[in-house]
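# Understanding the architecture of this molecule
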Amino acid sequence: MKKKSVSLVLGSGGARGIAHLGIIDELLDRGYHIHSVTGSSIGSLIGAVYATGHHKEFLDWMISLNKIDVYHLMDFTFNLGFVKAEKVFDQIKKMCGEWQIEDLPIKLTVVAVDIKKRKEIVFSKGNLYDAVRASIAYPTIITPHSIDELFLVDGGLMNPVPVNHAPRIDGDFMLAVDLDGETPEKLPKTKLKKGIPKIENQGVLSNFRKFFDPSSEEAHLKDQKSKFTYWKLMEESLNTMQRQITLLTLKSSPPDVLIPIAGESASTFEFFKSKELYEYGRLQAKLALDEFEAES
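Residues numbered from 1 in each chain as written. Predicted model: local features only at pLDDT ≥ 70, side-chain atom pairs only at ≥ 80, totals over all residues. Heavy atoms only, no water.

Ranked by internal contacts, the top residues of the largest apolar core, which has 80 residues, are L8, I18, L27, L45, F58, F123 and L175. If near-sequence neighbours (up to four positions away) are discounted, L175 is found in contact with V6, S7, L8, V9, I23, L27, V257, I259 and L289. Formed by seven residues, the second largest nonpolar core is a distinct cluster that contains V9, V161, M174 and L250. (Core = buried A, V, L, I, M, F, W, Y, C linked by side-chain atoms within 4.5 Å. Buried < 20%, exposed > 50% of the residue type's maximum accessible area, 1.4 Å probe, protein only. Contact = heavy atoms within 4.5 Å.)

With their axes 12 Å apart at the nearest point, helix α5 (residues 86-96) and helix α6 (residues 128-135) run at an angle of 145° to one another. Considering only the axes of α5 and α6, their crossing is right-handed. On α6, the residues touching F89, I92, K93 and C96 of α5 are Y129, V132 and R133. (Axes fitted to C-alpha atoms, helices over the stretch in contact; angles between N-to-C directions. Helix = DSSP H or I, 4+ residues; strand = E, 2+ residues; numbered from the N terminus. Left-handed = near helix turned anticlockwise from the far one by under 90°.)

Across three bridges, strand β3 (residues 107-114) lies against strand β6 (residues 150-154) in antiparallel orientation. Across the sheet, A112 pairs through a bridge with D154, a residue of β6. As defined by bridge partners, strand β5 (residues 145-147) adjoins β6 across three bridges and the pair is classed as antiparallel. In the strand pairing of β6, H145 is matched with L152. In this antiparallel pair of consecutive strands, β5 and β6, the connection spans two residues, and D148 shows a positive phi of 55°. (Pairing = 2+ DSSP bridges.)

Each turn of an α-helix holds 3.6 residues, which means side chains three or four residues apart point in the same direction. All of the buried residues in α5 are F89, I92, M95 and C96. Projected down its long axis, α5 shows its buried positions confined to an angular sector of 120°, all on one face. Tucked inside the fold, the buried residues of α5 contact α2 (42-51), α3 (55-64) and α6. Among the residues trailing α5, G97 stands out with phi positive, at a value near 85°. (Arc of directions from axis to C-beta.)

Mapped onto the fold, R282 is located in helix α9 (residues 274-295). When residues no more than four places from it in sequence are discounted, the contact partners of R282 are G22, I23, D25, E26 and D29.

What follows covers the packing of aromatic side chains. Counted under the stated rule, the structure contains four aromatic pairs. Centre to centre, the rings of Y71 and F76 are 5.7 Å apart; their planes meet at 55°, and the pair counts as tilted. Of the aromatic side chains, those joined through ring pairs into one cluster are Y32, F173 and F292. The ring of F151 has K116 sitting right over it, with the charged end atom 5.6 Å from the ring centre. (Phe/Tyr/Trp six-rings, centres within 6.5 Å; stacked < 30°, edge-to-face > 60°. Lys NZ or Arg CZ within 6 Å of the ring centre and 35° of its normal.)

So, about α2. Counting buried positions over the 10 residues of α2 gives 10, a clear majority of the element. Turning to α2, its buried residues are I42, G43, S44, L45, I46, G47, A48, V49, Y50 and A51. One or two steps after α2, the chain reaches G53, where phi turns positive at roughly 90°.

Structural measurements only, silent on function.
Put into structure tokens, the structure is as follows:
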């Protein structure tokens with residue numbers, strides 16, 4: 001079978017987005033040409049890193065992070081959210097350099113939401129990091145991002161898998177990745193290093209710390225109801241809303257290939273599972289592409 005060009009759509013889903021990197025590598029190893037990437041939230045970040053040609057370095061960095069490293073990347077604030085994400089973007093800029101979207105060697109489309117006007121904002125030009133920073137602004141967690149008169153938040157809020165914004169060319173096929181899918185495959189458990197520096201802040205920030213502290217009493221509670229904290233309630237509420245949007249979007253604009261990544265494989269900030277998530281993405285890509293190639 002002659003390998004085709006791919007219009008790649010990368011969905012939102014926090015740390016599960018590391019699976020996007022496994023899917024990209026599986027496509028490349030099979031000889032496919034990715035002519036464009038369209039992404040929301042983490043999908044836009046992974047798309048940006050790939051489009052700059054530095055996705056291998058980014059993956060190596062992610063795999064090197066343990067739970068404490070991820071915690072230290074959190075630059076806390078209390079300004080319409082409690083993470084600024086500046087530390088992460090400083091690292092990415094050092095790795096990838098400064099770019100305008102229109103100058104990238106691969107066509108990139110980034111989806112964000114103007115929360116004031118309640119509408120999608122689609123970036124295909126302009127500063128790369130402004131667009132991606134807006135697209136990953138997970139409501140109440142990562143602070144919103146302003147560009148001119150726009151007050152922007154996470155693209156996944158309105159369009160978790162933005163297939164309707166993917167550019168197409170003759171003879172290509174669209175491959176979309178849903179990071180809140182349902183799959184039978186199980187992700188291997190990650191062994192975590194214990195211990196994390198104490199912080200004095202209480203309330204929401206204290207709950208955030210407990211999420212990153214495997215030695216905390218809460219992390220070992222057997223009562224699942226007790227684990228349903230403020231953080232978990234907020235995350236699951238947004239995920240429930242986004243799931244319904246995704247189902248409707250995929251029904252109205254079905255891709256040629258859909259790769260599901262199980263929603264329970266990792267929560268939003270579990271980037272310390274990057275190695276397993278990458279391998280899981282490759283596995284799911286192999287299954288989907290084997291079926292697609294057999295049918296083709």
